[in-house]
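# Chains, contacts and geometry: an overview
The residues making up each chain are set out below.
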Amino acid sequence: MNKPIHSRKLLSCIALAAALAGASSAYAADKVTIIVGGYEKQIYLPAKLAEGLGYFKAEGIDVELLNEGSGVDAENEMLAGAVQGVVGFYDHCVDLQTKGKQVISVVQFSQAPGEVEMVSNKHPEIKSFADLRGKSLGVTGLGSSTNFLTQYMMVKAGVPLGEFSTIPVGAGTTFIAAMQQDKIQAGMTTEPTISRLLKTGDARVLVDMRTVEKTKAALGGTYPAAALYMSADWVEKNKPMVQKLANAFVKTLKFINTHSAAEIADKMPKDFYAGDKEGYIKALADGKSMFTADGVMPAGGPETVLMVLSGFSKNVKGKTVDLSKTYTTEFVKNVK
């Protein structure tokens, strides 16, 4: 008599374990980790804004956002398989294809870099990129998009790569300290670091790429920058998840497009203001036109990125790049 009862209990336990395992794997399937190349930077604002607006939860997905100060380090985490996606610059998708890695932008956040080359006011003699010959220039990280753009602008100004130094100094407080201490004489950074330096009088603007118009003047075309990019293989195998991410991010971009800078700022973590909410709002009001309204890659943008990278990079120069494999509009076009 005892044996059948014992067997029934054993079967119940097995069934329960199987159910729990099924629930666990279902939960795991709905979880995704995205690393952001500095989520306090306004250029990457859609990541934390989507979270703050509850759009990930509304799609039924559990999104973990990790913070990494430099886009190149974020890219390396994804290539190592530690995370599924990166909020970083699209130019990495082009650069990586020349290294045999297929990575694609699935939601294009911006159509301008949102970057500014700042010059220390300790150096009034610097009036152009050509004047930066022999100087130390701040970038977020070596191999980062700030490094790419800095190298391009210097080569374009007639200064060869060996005749200046790029120093990885991050953004925010570390960038500001490097400039105050004269470790760098100029550097490329984003909001809110730009406004903080202008407010204290530590630096001035040399070249501004915060709007589409100014970017075209500096680079000769639209420069798609901040994006959600992922491994092409992962995207192919996880289309339902990618669609949910696209839904959340396109709704976020629409929110940015239809709300004031003050309304957007209210949804962001207060420490992002760096003690100056008014300055944060003004910077956002001046620069939010960099964001796309629909997540679609701007026409002609990939060609500008390829032109810029070919201007200085031995990896890219003379290589055949299939730009159609560096981004997709499949998911953003499906957003209802």
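Here we summarise the structure given alongside this text.

### Describing the overall build of the protein
A tally of regular secondary structure across the protein gives 15 helices and 10 strands. For the protein, the C-alpha radius of gyration of 22 Å lies close to 20 Å, the compact-globule estimate for 336 residues. In terms of overall dimensions, the protein has C-alpha extents of about 95 × 45 × 35 Å along its principal axes. Counting over 336 residues, the protein shows a buried share of 52%. Only carbon and sulfur atoms are counted for the fraction: they give 54% of the accessible area of the protein, which is about 14500 Å². On the protein, the mean spot of the 37 positive side-chain charges and the mean spot of the 34 negative ones are 4 Å from each other.

### Describing the pattern of salt bridges
Opposite charge on two side chains lets them pair, provided their charged atoms get close. Applying the stated rule across the entire model yields 13 salt bridges. The salt bridge partner of Lys 239 is Glu 330, with a shortest N-O separation of 3.3 Å. Separated by 91 residues along the polypeptide, Lys 239 in helix α11 (residues 239–258) and Glu 330 in helix α15 (residues 330–333) bring together distant segments of the chain. Lys 239 gets classed as partly exposed once you look at its relative accessible area, which sits at 29%. Among the residues examined, Glu 330 registers a relative accessible area of 37% and is labelled partly exposed. Among the salt bridges present, the one from Lys 277 reaches Asp 266, with a minimum N-O distance of 2.6 Å.

### Description of the packing of aromatic side chains
Evaluation of the coordinates by the stated rule reveals six aromatic pairs. Ring geometry for Phe 109 versus Phe 249: centroids 5.0 Å apart, planes at 55 degrees, classification tilted. Placement of the pair is Phe 109 in the loop between β4 (103–108) and β5 (115–120) and Phe 249 in helix α11, with a sequence separation of 140 residues. Each member of the pair, Phe 109 as well as Phe 249, carries the same accessibility label: buried. Among the aromatic side chains, those forming a connected cluster through ring pairs are Phe 56, Phe 109 and Phe 249.

### Section: the sheet that holds strand β7 (residues 165–168)
The five strands lie next to each other as β7-β6-β8-β5-β9, forming an open sheet whose pairing is mixed. Among the strands making up the open sheet, the edge pair consists of β7 and β9 (203–209). With direction set aside, neighbouring strand axes in the sheet form an average angle of 25 degrees. Bridging between β5 and strand β8 (residues 186–189) involves four bridges; their strand directions are antiparallel. Bridge pairing in β8 links Val 119 to Ala 186. Of the strands in this sheet, β5, β6 (136–139), β8 and β9 are in contact with helix α7 (residues 173–180), which crosses β8 at around 165 degrees.

### Focus: the nonpolar core
The biggest cluster of nonpolar side chains holds 91 residues, and the ones touching the most others in it are Leu 45, Val 106, Val 107, Phe 109, Leu 219, Leu 228 and Leu 245. Looking at this core element by element, the count peaks at 10 residues for α11. Once residues lying within four places of it in the same chain are set aside, the contact partners of Val 107 are Ala 227, Leu 228, Ala 246, Phe 249, Leu 253, Gly 295 and Val 332.

### Comments concerning the pairing of strand β10 (residues 226–231)
By the criterion of burial, β10 is predominantly enclosed, with five of the six residues buried. Summarising the sheet, strand β3 (residues 85–89) and β10 pair through five bridges and their orientation is antiparallel. Note on β10: the bridge partner recorded for Val 86 is Tyr 229. Pairing of β4 with β10 involves five bridges; the strand directions are antiparallel. Looking at β10, one finds that Ile 104 is bridged to Met 230.

What counts and what doesn't
- Residues numbered from 1 in each chain as written.
- Predicted model: local features only at pLDDT ≥ 70, side-chain atom pairs only at ≥ 80, totals over all residues.
- Heavy atoms only, no water.
- Helix = DSSP H or I, 4+ residues; strand = E, 2+ residues; numbered from the N terminus.
- Rg over C-alpha atoms; globule rule 2.2 N^0.38 Å.
- Buried < 20%, exposed > 50% of the residue type's maximum accessible area, 1.4 Å probe, protein only.
- Areas by Shrake-Rupley, 256 points an atom, 1.4 Å probe, with all protein chains shown as cover.
- Lys, Arg positive; Asp, Glu negative; His and termini not counted.
- Charge placed at Lys NZ, Arg CZ, Asp CG, Glu CD.
- Salt bridge = Lys/Arg side-chain N within 4 Å of Asp/Glu carboxyl O.
- Phe/Tyr/Trp six-rings, centres within 6.5 Å; stacked < 30°, edge-to-face > 60°.
- Pairing = 2+ DSSP bridges.
- Axes fitted to C-alpha atoms, helices over the stretch in contact; angles between N-to-C directions.
- Contact = heavy atoms within 4.5 Å.
- Core = buried A, V, L, I, M, F, W, Y, C linked by side-chain atoms within 4.5 Å.

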